[in-house]
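Breakdown of the fold
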Amino acid sequence: MDLNTVWFVLIGVLIAGYAVLDGFDLGVGALSLFARSKEERDQHVAAIGPVWDGNEVWLLTGGGALFAAFPPVYATVFSGFYLALMLLLVALIARAVSLEFRGLLEGPAWLRFWDWAFGLGSLLPAILFGVAVGNVLRGVPVGPGFAWQGSFLGLLNPYAILVGLVSCALFLMHGALYLRLKTEGALSDRMGRVALGAFGLFVVLYAGATAATVAVSPFLFQRASNPAFWALTALLVTSLAVIPAATRAGRRGLAFTASSAAIVFMILVTALSAYPALVPSSLGLENSLTIYNASSTPRTLATMLVIALVGVPIMLGYTIFVYRVFKGPVRPGDAYSGGVGASRAA
């Protein structure tokens, strides 16, 4: 395995880690829009309050790794997706600010404003991340010399929007399973039902998106003869089958673990299908940005790998430590105090 492939795998791991960890944050935030009381919204916030900022570190690390290892990909994607990424950034900032500000003052208007910012700031990224992935899978208008030849409106094509709905349903399910794991009583029971409903919606949308991918991007199935492709697909199907069974059986931890595994295997199947392309071109696959024509120098890749081998285990260890400290359910009356992370831990 050469350095280019190692970095392809490492970036995939970072993206998968972010999708699993911040995915349930986004789902919990979006579900807060349908909370039945202030106390329930407090529980939504308290469930992710101590961990949401650490979860976003995985996105920052993935972006930094992409910039260091494959700078033309970073430059091209950010140039073409500029307006969409600014909208995503505004949404993520709104979510972060709402978590820190909503508890600073009393008053219904203040709480209502920041609760809406929290909910919409979570729902919008859940869709936009999928739209971005859908455009990459479809192929983006990159011409010779990595020149972007598209427009913002071109990103809002039916296929990308469909993938955006898939990611939204997936994160809603993932968030509901996490919230069920972190709460008790009526809210926990209702989140089980919400998770099953979101799972059904996700399966329908995912099947439709898979069928659409066959028509829109047949090149992604060129590795269908690879045993690894079918092994990962089998693991994905197994993980998806476990989710409703474990949810109905009341095995909360297993259901959430299966949901996390399904997200990881979805990303791995997609990555293997696209390999070695990072950004396929809709103007001709010969214009695609790959791990070879868009990489940094071998010395840069080697140096960054040493840094990653030191930094990623530290980040992983910190993540595990935080989740161990704040394990256990949140209960009515628990609240997240901005900047402090005060939430009752069992």
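What comes next is a walk through the structure. (Residues numbered from 1 in each chain as written. Predicted model: local features only at pLDDT ≥ 70, side-chain atom pairs only at ≥ 80, totals over all residues. Heavy atoms only, no water.)

Moving on, we get to the overall build of the protein chain. Regarding its fold elements, the protein chain presents eleven helices and two strands. The order of helices and strands in the protein chain, counted from the N terminus, is α-α-α-α-α-α-α-α-α-α-β-β-α. For 346 residues, the compact-globule estimate of 2.2 N^0.38 gives 20 Å, and the C-alpha radius of gyration of the protein chain, at 20 Å, lies within 12% of that figure. Based on the C-alpha atoms only, the size of the protein chain along its principal axes is roughly 60 × 40 × 40 Å. Across the protein chain, contacts joining residues at least 24 apart in sequence account for 78% of those joining residues at least 6 apart. Approximately 15,600 Å² of the protein chain is accessible, and the part contributed by carbon and sulfur atoms is 73%. Treating the 20 positive side-chain charges of the protein chain as one cloud and the 15 negative ones as another, the clouds have centres 7 Å apart. (Helix = DSSP H or I, 4+ residues; strand = E, 2+ residues; numbered from the N terminus. Rg over C-alpha atoms; globule rule 2.2 N^0.38 Å. Contact = heavy atoms within 4.5 Å. Areas by Shrake-Rupley, 256 points an atom, 1.4 Å probe, with all protein chains shown as cover. Lys, Arg positive; Asp, Glu negative; His and termini not counted. Charge placed at Lys NZ, Arg CZ, Asp CG, Glu CD.)

All told, the structure shown has seven salt bridges when counted by the stated rule. Linked by salt bridges that have partners in common, Lys38, Arg41, Asp42, Arg102 and Asp115 make up one network. (Salt bridge = Lys/Arg side-chain N within 4 Å of Asp/Glu carboxyl O.)

The next point concerns the packing of helix H6 (residues 108-138) against helix H7 (residues 158-182). Describing two packed helices takes the angle between their axes plus the distance from one axis to the other. In contact at an axis separation of 7 Å, H6 and H7 are set at 135 degrees when each is read in the N-to-C sense. It follows from the interaxial angle that H6 and H7 lie oblique. Taken as a pair, H6 and H7 cross one another with a handedness that is right-handed. Counting all contacts with H6, which are made through Leu123, Ala126, Ile127, Gly130, Val131, Val133, Gly134, Asn135, Leu137 and Arg138, the residues of H7 involved are Tyr159, Ala160, Ile161, Val163, Gly164, Ser167, Cys168 and Phe171. (Axes fitted to C-alpha atoms, helices over the stretch in contact; angles between N-to-C directions. Parallel < 35°, antiparallel > 145°, perpendicular 65-115°, else oblique. Left-handed = near helix turned anticlockwise from the far one by under 90°.)

Following Tyr275, the chain continues to Pro276 via a peptide bond in cis, the omega torsion being 5 degrees. Within the secondary structure layout, Pro276 lies in the loop between helix H10 (252-274) and strand E1 (277-279). One non-glycine residue with positive phi stands out, namely Phe146, at about 60 degrees. On the secondary structure map, Phe146 appears in the loop between H6 and H7. Residue classification places Phe146 among the partly exposed positions, given a relative accessible area of 27%. (Buried < 20%, exposed > 50% of the residue type's maximum accessible area, 1.4 Å probe, protein only.)

A few words now on a nonpolar patch on the surface. A surface patch of nonpolar side chains, about 930 Å² in accessible area, is lined by Tyr82, Leu83, Met86, Leu89, Ile93, Phe152, Leu153, Leu156, Ile161 and Leu165. Of all the secondary-structure elements, those providing two or more residues to the nonpolar patch are helix H5 (82-101) and H7. Tallying contributions element by element places H5 first for the nonpolar patch, with five residues. Note that Met86 resides in helix H5. (Patch = residues over 30% accessible without salt bridge, like charges linked within 9 Å, V, L, I, M, F, W, Y side chains within 5 Å.)

Now for the packing of helix H1 (residues 3-31) against H6. As a packed pair, H1 and H6 sit with axes 7 Å apart at the nearest point and diverge in direction by 135 degrees. In terms of orientation, H1 and H6 fall into the oblique class. Two packed elements cross with a definite hand, and for H1 against H6 that hand is left-handed. On H6, the residues that touch Tyr18, Asp25, Leu26, Gly29 and Ala30 of H1 are Phe118, Gly119, Ser122, Leu123, Pro125, Ala126 and Phe129. Classifying every residue of the contact of H1 with H6 gives eight nonpolar, three polar and one charged. (Nonpolar A, V, L, I, M, F, W, Y, C, P; charged D, E, K, R; others polar.)

Moving on: the side chain of Ser188. For Ser188, the location among the structural elements is in helix H8 (residues 185-216). A polar side-chain atom of Ser188 sits 3.4 Å from the main-chain carbonyl oxygen of Thr183. Filtering out sequence-adjacent residues up to four positions away, Ser188 remains in contact with Arg180, Thr183 and Arg252. (Polar contact = N/O pair within 3.5 Å; in protein donor to acceptor, adjacent residues only side chain to side chain.)

The subject of this paragraph is the packing of aromatic side chains. Centre-to-centre distance and the angle between the planes together describe a pair of aromatic rings. For the coordinates displayed, the defined rule picks out 14 aromatic pairs. The interplanar angle of 80 degrees and the centroid separation of 6.4 Å between the aromatic rings of Phe24 and Tyr323 together place this pair among those described as edge-to-face. Of the two residues, Phe24 sits in helix H1 while Tyr323 sits in helix H11 (residues 298-325), which places them 299 residues apart along the sequence. A relative accessible area of 23% places Tyr323 in the partly exposed class. A centroid spacing of 5.1 Å and a plane angle of 70 degrees characterise the contact between Phe67 and Tyr74, whose relative ring orientation is edge-to-face. (Phe/Tyr/Trp six-rings, centres within 6.5 Å; stacked < 30°, edge-to-face > 60°.)

Right, let's get into the side chain of Glu56. Position of Glu56 relative to the elements: it lies in helix H3 (residues 52-69). Apart from the residues within four sequence positions on either side, Glu56 is in contact with Tyr18, Asp22, Leu92 and Arg95.

This part covers the environment of Ala209. Mapped onto the secondary structure, Ala209 falls in helix H8. Taking relative accessible area as the criterion, Ala209 reaches 6% and is therefore assigned buried. With 173 residues separating them in the primary sequence, Ala209 and Arg36 have C-alpha atoms 33 Å apart. In this structure Ala209 touches Tyr159, Leu162 and Val166, once residues within four positions along its chain are discounted.

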